[in-house]
Amino acid sequence: MLNKDLLLQLTIVLAILMLGFILRAETINLHGISIDEKSFYQDDHGLPYFYELDSYYNYRLTHNFLDHGYLGDEIIDGREWDLHSYYPPGVPLDYPPLIVYLTAFLYRVVNFFSNVPLHMISFWLPSFIAPLAGVIAYFFTRRFTNELGALAAGILTVMAPFYFTRTVPGWFDTDMFNIMFPLLIVWIFTEAVMIKNLKKSLTLSILAGIVMFLFSTAWNGWQYLFYIIFAFNVLYILWCKIKGRNILPLILILSIFISTTILLIVFCTGSLNLINVLQGPIELFRLSNSNNIWSPWPDVYTSVSELKKPSFTELVGGFGVLLLGGIFGFFWTGRFLSNENLKNRYLKKMNWDFYIFLVIWSIIGFFSLTKGVRFIILVIPPLIISTGILIG
């Protein structure tokens, strides 16, 4: 018989998953569009068309993979080539394959029992994947606060406006992974650092490296989180050394995490992809450099709306209550940590180390907004944790 705590957790998990899916599924009804006009926005299956061009690109790569076993259109000189982008010459294909592999796998499984077109699998996939981020947020936040705060974090994750709009059915793009993986990686790595059993810590650090590798196959911008974790923990180790603390466990945890990530990238995707890891600091420098990389030609990226700096209205609309709740949560949590009585009463499992990491994670995320509104999604994870702790 299930105990009450486990039953409560299962109920909350199911509630988060159902809420996340139902709210997204409701969008296929195209509310706000008259019945006479709906047919212009629907395909032959009665579903809305894919919402943006990347969805069609991902669909084409998935179709290629199912058709001839690789993502590209053809193999030229031993490399996969995309002959449709940059037509007519085409370009060598360099794209994170997880969305293709996952969709193709689910397509094979579903069609083992029935006959469902690839378009349908691709269309619905985001609405099933995105709510998983809410479950991870629930368990992660529960590590530091009570059930109420953890539940709030889970619900706010699946309802975060920017994340919601980019994970509805028909938005077949990598955005569905960009909250789930960062939360999971930081959660596992945090457990590895905070747990007292060294054997379990090292096992969790390996697991964190495996998940980081999966993230690298899901989105090309994964390095930002890798370097945040690396840089913060190097500084944390130096600080612990100054304070006279035992730094060996921390060094082992960080080393194994980095080694696992890099070795998996090299063995599974090739040694050339290691360059993408090493270019992380260079990309950060480019992020702070306002020079036009297309000079002396016009910067074509200025025509991409999601790469324009967000206005205050866009920030409020993209974050929702997370903007105020997350920022206020940082101040409130800092105050509680500064008071021994309040800390022991409300934040027994919280410490300054994780708090500072959460703040730095958010600051770097806000810094990335200078390069486009789409990077709102990078700031959502730490704001979720902060808001959940505040509510708790």
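Calculation notes
Residues numbered from 1 in each chain as written. Predicted model: local features only at pLDDT ≥ 70, side-chain atom pairs only at ≥ 80, totals over all residues. Heavy atoms only, no water. Pairing = 2+ DSSP bridges. Helix = DSSP H or I, 4+ residues; strand = E, 2+ residues; numbered from the N terminus. Phe/Tyr/Trp six-rings, centres within 6.5 Å; stacked < 30°, edge-to-face > 60°. Buried < 20%, exposed > 50% of the residue type's maximum accessible area, 1.4 Å probe, protein only. Axes fitted to C-alpha atoms, helices over the stretch in contact; angles between N-to-C directions. Parallel < 35°, antiparallel > 145°, perpendicular 65-115°, else oblique. Left-handed = near helix turned anticlockwise from the far one by under 90°. Contact = heavy atoms within 4.5 Å. Nonpolar A, V, L, I, M, F, W, Y, C, P; charged D, E, K, R; others polar. Core = buried A, V, L, I, M, F, W, Y, C linked by side-chain atoms within 4.5 Å. Salt bridge = Lys/Arg side-chain N within 4 Å of Asp/Glu carboxyl O. Patch = residues over 30% accessible without salt bridge, like charges linked within 9 Å, V, L, I, M, F, W, Y side chains within 5 Å. Areas by Shrake-Rupley, 256 points an atom, 1.4 Å probe, with all protein chains shown as cover. Expected span 1.5 Å × (residues − 1). Polar contact = N/O pair within 3.5 Å; in protein donor to acceptor, adjacent residues only side chain to side chain.

## Here's the deal with the pairing of strand β2 (residues 79–82)
Piece 1. Bridge count between strand β1 (residues 74–76) and β2: 3 bridges; the pairing is antiparallel. Opposite Glu74, over in β2, you have Trp81 as the bridge partner.
Piece 2. Linking β1 to β2, which pair antiparallel, is a turn of 2 residues; within it Asp77 sits at a positive phi near 55°.
Piece 3. As judged from the 2 bridges shared by β2 and strand β3 (residues 91–92), these two strands associate in the antiparallel manner. Pairing of Asp82 across the sheet is with Val91, part of β3.

## Considerations on the packing of aromatic side chains
Piece 1. In total, this model carries 33 aromatic pairs according to the counting rule given.
Piece 2. Measuring from ring centre to ring centre gives 5.1 Å for Phe65 and Tyr101, while their planes differ by 50°; the resulting arrangement is tilted. Taken together, the residues Phe65 in helix α3 (residues 53–68) and Tyr101 in helix α4 (residues 98–113) connect sequence positions 36 residues apart.
Piece 3. Judged by relative accessible area, which is 25%, Phe65 ranks as partly exposed.
Piece 4. Clustering of aromatic rings is evident, with ring pairs tying together Tyr138, Phe139, Phe140, Phe144, Trp187 and Phe354.

## Observations regarding the packing of helix α1 (residues 4–25) against helix α6 (residues 147–159)
A pair of packed helices is characterised by two quantities: the angle between their axes and the separation of those axes.
Piece 1. Interaxial distance between α1 and α6 falls to 9 Å at its minimum, and their mutual angle equals 20°. The orientation of α1 relative to α6 falls into the category roughly parallel. Of the two possible hands of crossing, α1 and α6 adopt the one that is right-handed. Of α6, the residues touching α1 (which contributes Leu8, Gln9, Ile12, Ile16, Leu19, Gly20, Leu23 and Arg24) are Glu147, Leu151, Gly154, Ile155, Val158 and Met159.
Piece 2. Along the lines of polarity and charge, the residues of the contact of α1 with α6 split into 9 nonpolar, 3 polar and 2 charged.

## Some words on the nonpolar core
Piece 1. Core analysis: the largest hydrophobic core is formed by 90 residues, its most contacted members being Phe215, Phe257, Phe319 and Ile380.
Piece 2. Listed in part, the 7 residues of the second largest apolar core include Val13, Val135, Tyr138 and Ala150.

## Thoughts on the pattern of salt bridges
Piece 1. This structure, assessed with the given rule, holds 6 salt bridges.
Piece 2. Notably, a salt bridge pairs Asp73 with Arg60, separated by 3.3 Å at the nearest N-O pair. Of this pair, Asp73 sits in the loop between α3 and β1 while Arg60 sits in helix α3, placing them 13 residues apart in sequence.
Piece 3. In this structure, Asp175 engages Arg374 in a salt bridge whose closest nitrogen and oxygen atoms are separated by 3.9 Å. Remark: Arg374 occurs in the loop between α17 (352–368) and α18 (376–391) and Asp175 occurs in the loop between α7 (161–165) and α8 (180–194); sequence separation between them is 199 residues. As far as burial versus exposure is concerned, Asp175 and Arg374 are alike and both buried.
Piece 4. Residues participating in the shared-partner salt-bridge network are Arg60, Asp73 and Asp82.

## Digging into a nonpolar patch on the surface
Piece 1. Side chains of Phe105, Val109, Phe112 and Phe113 sit close together on the surface and give an oily, nonpolar patch of about 510 Å² of accessible area.
Piece 2. By relative accessible area, which is 53% here, Phe105 ends up exposed.

## Digging into the sheet that holds β1
Piece 1. Strand order across the open sheet formed by 3 strands is β1-β2-β3, with antiparallel pairing between neighbours. Each edge of the sheet is formed by a strand with only one pairing partner; in this case those strands are β1 and β3.

## Observations concerning helix α15 (residues 321–338)
Piece 1. Here α15 contains 18 residues, and its C-alpha end-to-end distance of 25 Å stays within 8% of the 26 Å for a straight helix at 1.5 Å per residue.
Piece 2. If you check which residues of α15 are buried, you get Leu322, Leu323, Gly325, Gly326, Gly329, Phe330, Thr333, Gly334, Phe336 and Leu337.
Piece 3. Contacts made by the buried residues of α15 are with α6, α14 (312–319), α16 (340–346), α17 and α18.

## Observations concerning the packing of α15 against α18
Piece 1. Direction vectors running N to C along α15 and α18 enclose 60°, while the axes themselves pass 7 Å from each other. Classified by the interaxial angle, the pair formed by α15 and α18 is oblique. The crossing of α15 and α18 is left-handed. Only Ile380, Pro382, Leu383, Ile384, Ser386, Thr387, Ile389 and Leu390 of α18 make contact with α15, whose side of the interface consists of Leu322, Leu323, Gly325, Gly326, Ile327, Phe328, Gly329, Phe330, Trp332 and Thr333.
Piece 2. Broken down by class, the residue content of the contact of α15 with α18 amounts to 12 nonpolar, 6 polar and no charged.

## Examining unusual backbone geometry
Piece 1. Non-glycine residue Leu30 carries a positive phi angle of around 50°.
Piece 2. As for its position among the elements, Leu30 is in the loop between α1 and α2 (35–38).
Piece 3. Even without being a glycine, Asp77 presents a positive backbone phi close to 55°.

## What about α6?
Piece 1. In this model, α6 (13 residues) spans 18 Å end to end at C-alpha, consistent with the 18 Å of a helix rising 1.5 Å per residue.
Piece 2. If you check which residues of α6 are buried, you get Gly149, Ala150, Ala152, Ala153, Gly154, Leu156, Thr157 and Val158.
Piece 3. Buried residues in α6 make contact with α1, α5 (118–142), α7, α15 and α18.
Piece 4. With a side-chain oxygen positioned 3.3 Å from the backbone nitrogen of Leu148, the residue opening α6 is Asn146.

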